[in-house]
Amino acid sequence: MKNQEDGRIKLYITYKAKTVAFSANPKNNMKVTIDNIIKLAKTDPQKYWILPEMNNGGQRITYRLGKLDKGMKKIFQNMNNQREEQCLEDYGVKEGDNLILAQKVIAG
């Protein structure tokens, strides 16, 4: 159900087999949305997830969103090299959708 005041929608986000409800504004850019997910996880890692910042090799981890489509993970890809400028709405995400949070290791 949409929150009429700020346009937020309820989504479900899965990371490492744990799914939680999340409220997001579908017009926020992806960087803002992912930063909000990370902040939420830091408030209570037991209730949400433990999201490491570095992997075992000392490389920085960033997170991306995607969706399960016909049993396959589809990570949201750049649209015209502007992934962080895109928003959930641009990827067709709507109320009640199930998204996945995926790690992306940044070399260097």
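Just so it is clear, the structure is predicted and the values come from calculations on it, not from any experiment.

### Section: the environment of A102
Along the chain, the position of A102 falls in strand β5 (residues 98–106). Sequence separation between A102 and T14 is 88 residues, and the spatial gap between their C-alpha atoms is 8.9 Å. Residues in contact with A102, not counting those within four places in the same chain, are T62, Y63, R64 and I75.

### So, the pattern of salt bridges
Evaluation of the coordinates by the stated rule reveals five salt bridges. Between E89 and K27 there is a salt bridge; the shortest N-O distance is 3.3 Å. Taken together, the residues span a long stretch of sequence, with E89 in the loop between β4 (72–75) and β5 and K27 in the loop between β2 (18–24) and α1 (30–43) at a distance of 62 residues. A relative accessible area of 59% means that K27 is categorised as exposed. Where K42 meets E53, a salt bridge forms, and the shortest distance between an N and an O atom there is 3.4 Å.

### Examining the pairing of strand β3 (residues 60–69)
Here β3 runs beside β5; their pairing, made up of eight bridges, is antiparallel. Bridge pairing links G66 to I100 in β5. With four bridges connecting them, β3 and β4 associate as antiparallel partners. Note on β4: the bridge partner recorded for G66 is I75. Counted along the chain from β3 to the antiparallel partner β4, the turn is two residues long, and its residue K70 has a positive phi close to 55°.

### Looking at the environment of G66
Note that G66 resides in strand β3. As a C-alpha pair, G66 and L88 span 22 residues in sequence and 9.9 Å in three-dimensional space.

Parameters and conventions
Residues numbered from 1 in each chain as written. Predicted model: local features only at pLDDT ≥ 70, side-chain atom pairs only at ≥ 80, totals over all residues. Heavy atoms only, no water. Helix = DSSP H or I, 4+ residues; strand = E, 2+ residues; numbered from the N terminus. Contact = heavy atoms within 4.5 Å. Salt bridge = Lys/Arg side-chain N within 4 Å of Asp/Glu carboxyl O. Buried < 20%, exposed > 50% of the residue type's maximum accessible area, 1.4 Å probe, protein only. Pairing = 2+ DSSP bridges.

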